[in-house]
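Structural overview
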Amino acid sequence: MKIESFELREIIDSRTNPTVEAEVNGFSGKAPSGASTGKHEAECFVPENLEEIENELKEQFEGKKFTQKEFDEKLRDYDGTDKLSNIGAVGIASSFAFKNASGFEFGKNFPLPLSNVIGGGEHGGNTSIQEFLVLPVEAESFPEAVKTNAKIYRELKEKYPQKIRGINDEGALITSMDDEQTLKALKKVADEHGARIGLDVAASEFYENDEYKLSSMSRTFTADEHLKFIQHLIEKFNLIYVEDPFDQDDFVKHEELLKENRGNDVLICGDDLFTTDKERLQHGIDLESANSLIVKPNQIGTVTDAKDTVELAHENDYVPVISHRSGETCDSTISRLALEWDCPVIKAGIADIRVAKLNELIRTWDEVEDPKLAEL
């Protein structure tokens, strides 16, 4: 594709923090950011010399033809670091914009929406566990699946009015209950709507001095005790999804949990564990540390890098779960990437600005002939 125009500007995300929007041939890409970020992620910030970067990239891009891979390689060469430490959010914003300008190719398979309806941890809330999620496994269409998650969200507020204390910065409900009480209440509502539940534990956020400190429950676990606790939750609440149950560098404990659940249908998913990084994923594959991974393109920096990781996941029967970030924009690029990359699950909040991802897929569902909803 030939680049006729390239522009950068500073905008704000859902937390009112600055981020970057890029435009390629009039098509926009906006960079998200996260609160609970793994230490292995690419950096995502607004460079102080944004105007200078824009001018220099204009000279490199405008009037020339690139593939997505060539464009992304140019961005990396210009930055000169592994983690995009010089251009930060410019990387993924520009990569998204180029992808949106060049177009998408996808079939009929739509992802199941995995929605965090109750939150805590780094996103704000009473629980140490960061996200309590619902997956509408009995839905027959993407619009029906979104409606199911929305009903669960609303009914939680209606059935537990004395225990819902507002929403956090992802639009998820905050409860006055502890982690197990929250799971019990959520399962009761989810069961009524044919949905399964899951967790984003984000355990690195409460891992300190070789211990897991769940302040919301006044409990401190060794790694072995924490494994037993997570397994207890899986069995008691029939969890279908568990993300980052251990520290981001503990591949061994993730492997032990996966081994404990051989034959079960639960996804043991790595977010901070893998950070959409192909090399870290390969390490996890070699150790059999999980069977699923979160895909956040800004974690690795470009669309090309994220695509390479997703392809490795598919080759090794890992379930790729493409995901929003906590500091979001109305950008819906990942919705179209979910279709092109055949991701069977998209993690996106059912409230707040994150519904832009879901609404884009609802619109696309109506445009595709004989669309199909993924099965796990």
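Residues numbered from 1 in each chain as written. Predicted model: local features only at pLDDT ≥ 70, side-chain atom pairs only at ≥ 80, totals over all residues. Heavy atoms only, no water.

What follows is about the nonpolar core. Ranked by size, the top nonpolar core spans 115 residues in total, and within it Phe71, Phe142, Leu156, Leu239, Tyr241, Ile322 and Trp341 carry the most contacts. Ignoring sequence-local partners within four residues, the contact set of Ile322 consists of Val295, Ile334, Leu337, Ala338, Trp341, Cys343, Val345, Ile346 and Lys347. (Core = buried A, V, L, I, M, F, W, Y, C linked by side-chain atoms within 4.5 Å. Buried < 20%, exposed > 50% of the residue type's maximum accessible area, 1.4 Å probe, protein only. Contact = heavy atoms within 4.5 Å.)

Taken together, the side chains of Lys147, Lys151, Arg154 and Lys157 define a basic patch exposed on the protein surface. Looking at the secondary structure, you find Lys157 in helix α4 (residues 142-159). A relative accessible area of 40% means that Lys157 is categorised as partly exposed. (Patch = residues over 30% accessible without salt bridge, like charges linked within 9 Å, V, L, I, M, F, W, Y side chains within 5 Å. Areas by Shrake-Rupley, 256 points an atom, 1.4 Å probe, with all protein chains shown as cover. Salt bridge = Lys/Arg side-chain N within 4 Å of Asp/Glu carboxyl O. Lys, Arg positive; Asp, Glu negative; His and termini not counted. Charge placed at Lys NZ, Arg CZ, Asp CG, Glu CD. Helix = DSSP H or I, 4+ residues; strand = E, 2+ residues; numbered from the N terminus.)

Working definition: two side chains of opposite charge can pair if their charged atoms are close together. Counted according to the given criterion, the structure contains 26 salt bridges. The residue Glu256 makes a salt bridge to Lys253 at a minimum N-O spacing of 3.1 Å. Note that Glu256 and Lys253 are positioned in helix α7 (residues 251-260) at a spacing of 3 residues, about one turn of the helix. Judged by relative accessible area, which is 30%, Glu256 ranks as partly exposed. A relative accessible area of 10% places Lys253 in the buried class. Three or more residues are tied together by salt bridges with common partners; here these are Glu7, Arg9, Glu21, Glu23 and Lys30.

Right, let's get into the pairing of strand β3 (residues 27-30). Of the pairings in the sheet, the one linking strand β2 (residues 18-24) to β3 comprises 4 bridges and is antiparallel in character. Bridging across to β3, Ala22 finds its partner in Gly29. Remark: 2 residues form the turn of the hairpin made by β2 and β3, two consecutive strands paired antiparallel; Asn25 in that turn has positive phi of roughly 55 degrees. (Pairing = 2+ DSSP bridges.)

A few words now on the packing of helix α2 (residues 68-79) against helix α3 (residues 90-102). Following both chains from N to C, one finds α2 and α3 inclined at 160 degrees, their axes separated by 10 Å at the closest point. Taken together, α2 and α3 sit at an angle that is classed as roughly antiparallel. Seen from above, α2 lies across α3 with right-handed handedness. Where α2 abuts α3, its residues Gln68, Phe71, Asp72 and Leu75 lie against Gly91, Ser94, Ser95, Phe98, Lys99 and Ser102. Residues that form the contact of α2 with α3 fall into these classes: 3 nonpolar, 5 polar and 2 charged. (Axes fitted to C-alpha atoms, helices over the stretch in contact; angles between N-to-C directions. Parallel < 35°, antiparallel > 145°, perpendicular 65-115°, else oblique. Left-handed = near helix turned anticlockwise from the far one by under 90°. Nonpolar A, V, L, I, M, F, W, Y, C, P; charged D, E, K, R; others polar.)

As a further point, take the side chain of Asp244. The topology assignment puts Asp244 in the loop between β13 (241-243) and α7. Lacking a salt bridge, the buried Asp244 has Lys296 as its closest oppositely charged neighbour, with an N-O distance of 6.9 Å. Not counting residues within four places of it along the chain, the set of residues in contact with Asp244 comprises Asp200, Val201, Ala202, Ala203, His254, Cys269, Gly270, Asp271, Asp272 and Leu273.

A separate point is the packing of aromatic side chains. Applying the stated criterion to the full structure yields 13 aromatic pairs. Judged by centre distance (6.3 Å) and plane angle (75 degrees), the rings of Tyr212 and Phe246 are edge-to-face. With Tyr212 in strand β11 (residues 211-214) and Phe246 in the loop between β13 and α7, this residue pair connects regions lying 34 residues apart in the sequence. You can call Phe246 buried: its relative accessible area is 1%. Here the aromatic cluster, defined as three or more aromatic residues joined through ring pairs, consists of Phe6, Phe61, Phe66, Phe71 and Phe98. Here the guanidinium or amino end of Lys99 rests over the ring plane of Phe104, the centre of that ring lying 5.0 Å away. (Phe/Tyr/Trp six-rings, centres within 6.5 Å; stacked < 30°, edge-to-face > 60°. Lys NZ or Arg CZ within 6 Å of the ring centre and 35° of its normal.)

Looking at chain direction, strand β7 (residues 164-167) and strand β8 (residues 173-175) are connected through 2 bridges and run antiparallel. The residue of β8 that forms the bridge with Ile167 is Leu173. Connecting the antiparallel pair β7 and β8 is a turn made up of 5 residues, with Gly171 showing a positive phi of about 80 degrees.

Attention shifts here to the side chain of Ser115. As for its placement among the helices and strands, Ser115 is situated in strand β5 (residues 112-119). Overall, Ser115 belongs to the buried group, its relative accessible area being 0%. Looking at Ser115, its side chain comes within polar contact range of the side chain of Asn149, at 2.9 Å. (Polar contact = N/O pair within 3.5 Å; in protein donor to acceptor, adjacent residues only side chain to side chain.)

Treat this as a map of the structure, not an account of what it does.
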